[in-house]
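Structure at a glance
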Amino acid sequence: RKEVEQDPGPFNVPEGATVAFNCTYSNSASQSFFWYRQDCRKEPKLLMSVYSSGNEDGRFTAQLNRASQYISLLIRDSKLSDSATYLCVVTLRGDKIIFGKGTRLHILP
Amino acid sequence: EAGVVQSPRYKIIEKKQPVAFWCNPISGHNTLYWYRQNLGQGPELLIRYENEEAVDDSQLPKDRFSAERLKGVDSTLKIQPAELGDSAVYLCASSLMGQRLTEAFFGQGTRLTVV
């Protein structure tokens, strides 16, 4: 079982729709959780951290369920500029950072 | 403040040739990572340094890959000899160890094509 698994993509959704990404992790000792965004031919960049209580940043909401070892990202009112690959990221003890394969999102006009 | 700097941005080499990539992390970041990213995949960790010590190189193909981080700052990743399957983007990242939430900052990567 892979350490971090994400929905296989791509997701093609119309502008204005709500999109949900799911991610599961296998190591119960995982300490920190993130969503990164990667544009085509660019490096990954931090989108948001994920807290146990859930957190929101504008149109983006991230949630963590430690019992189920599950992370989610919700994008509301999607924009064309949201088109990118979204990477689920888990940090293990000792700062080992593990990436999921990523889910590509295409927002359609 | 300068981010993570990598060079070269692009490299095309023939198979069996050697190649080296260089990374300068963000000043003060003691943890440095080398990742390899194939098309359509997420970054896969090759090696992780804490200061000058390689603390995780379990995924580094040691028969042909080597890395060093002298003085705990800059790092180089070398492949010798390169194979066709090594074509990928090689990403360097750095972070500040010990933070409650460890954010990794990436360089722009080196896109390697082996022909």
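Residues numbered from 1 in each chain as written. Chains lettered and ligands numbered in written order. Predicted model: local features only at pLDDT ≥ 70, side-chain atom pairs only at ≥ 80, totals over all residues. Heavy atoms only, no water.

**Concerning the overall build of chain B**
Looking only at helices and strands, chain B has zero helices and eleven strands in total. Reading the helices (α) and strands (β) of chain B from amino to carboxyl end gives β-β-β-β-β-β-β-β-β-β-β. The C-alpha atoms of chain B give 13 Å as radius of gyration, which agrees with the globular expectation for 115 residues (13 Å, within 12%). If you line up chain B on its principal axes, its C-alpha atoms span 40 × 25 × 25 Å. (Helix = DSSP H or I, 4+ residues; strand = E, 2+ residues; numbered from the N terminus. Rg over C-alpha atoms; globule rule 2.2 N^0.38 Å.)

**Section: the pairing of strand β8 (residues 70–75) of chain A**
Residues and elements named next belong to chain A. In the sheet, strand β3 (residues 19–25) pairs with β8 via six bridges, with the strands oriented antiparallel. In the strand pairing of β8, Val 19 is matched with Ile 75. Note that strand β7 (residues 60–65) and β8 share six bridges and pair antiparallel. By the bridge assignment for β8, Ala 62 is matched with Leu 73. Between β7 and β8, which pair antiparallel and follow one another directly, the connecting turn spans four residues, one of which, Gln 69, has a positive phi of 55°. (Pairing = 2+ DSSP bridges.)

**Thoughts on the nonpolar core**
All names here are of chain A. Within the largest apolar cluster, 24 residues are counted, with the highest numbers of intra-cluster contacts made by Phe 21, Trp 35, Ile 71, Leu 73, Ile 75, Tyr 86 and Leu 105. Of all the elements in the fold, those that place two or more residues in this core are β3, β4 (32–38), β5 (45–50), β7, β8, β9 (84–92) and β11 (103–108). Top element by residues in this core is β9. It accounts for five residues. Beyond its immediate chain neighbours, meaning those up to four positions away, Tyr 86 contacts Gln 6, Phe 21, Trp 35, Tyr 36, Arg 37, Leu 47, Leu 73, Ile 75, Gly 102, Thr 103 and Leu 105. (Core = buried A, V, L, I, M, F, W, Y, C linked by side-chain atoms within 4.5 Å. Buried < 20%, exposed > 50% of the residue type's maximum accessible area, 1.4 Å probe, protein only. Contact = heavy atoms within 4.5 Å.)

**Quick notes on the pattern of salt bridges**
Two side chains that carry opposite charge are able to pair once their charged atoms sit near each other. Residue and element names in this part refer to chain A. Within this structure, the stated rule accounts for nine salt bridges over all chains. Put simply, Asp 82 and Arg 59 hold a salt bridge, and the shortest N to O gap is 2.8 Å. Here Asp 82 is found in the loop between β8 and β9, whereas its partner Arg 59 is found in the loop between β6 (55–57) and β7, with 23 residues between them in sequence. Accessibility expressed as a relative area gives 3% for Asp 82, which makes it buried. (Salt bridge = Lys/Arg side-chain N within 4 Å of Asp/Glu carboxyl O.)

**A short note on the state of the cysteines**
A complete count under the given rule lists two disulfides over all chains for this structure. Put simply, Cys23(A) and Cys88(A) are joined by a disulfide, and their sulfur atoms are 2.0 Å apart. Handedness here is read from the sign of the S-S torsion; for Cys23(A) and Cys88(A), about -75°, the answer is left-handed. With Cys23(A) in strand β3 and Cys88(A) in strand β9, this residue pair connects regions lying 65 residues apart in the sequence. Residues Cys23(A) and Cys88(A) agree in their burial class; the two are buried. Between the sulfur of Cys23(B) and that of Cys92(B) lies a disulfide, 1.9 Å long from S to S. With the S-S bond torsion at -70°, the cross-link from Cys23(B) to Cys92(B) turns out left-handed. (Disulfide = S-S within 2.5 Å.)

**Some words on the sheet that holds β8(A)**
Residue and element names in this part refer to chain A. Pairing is antiparallel across the open sheet formed by five strands, whose spatial order is β1-β3-β8-β7-β6. Both edges of this open sheet fall to β1 (4–6) and β6, since each of them pairs with a single strand only. Taking each pair of neighbouring strands and ignoring which way they run, the sheet shows an average axis angle of 15°. Strand direction decides the pairing type here: β1 and β3, joined by three bridges, are antiparallel. For Val 4, the partnering residue across the bridge sits in β3 and is Tyr 25. (Axes fitted to C-alpha atoms, helices over the stretch in contact; angles between N-to-C directions.)

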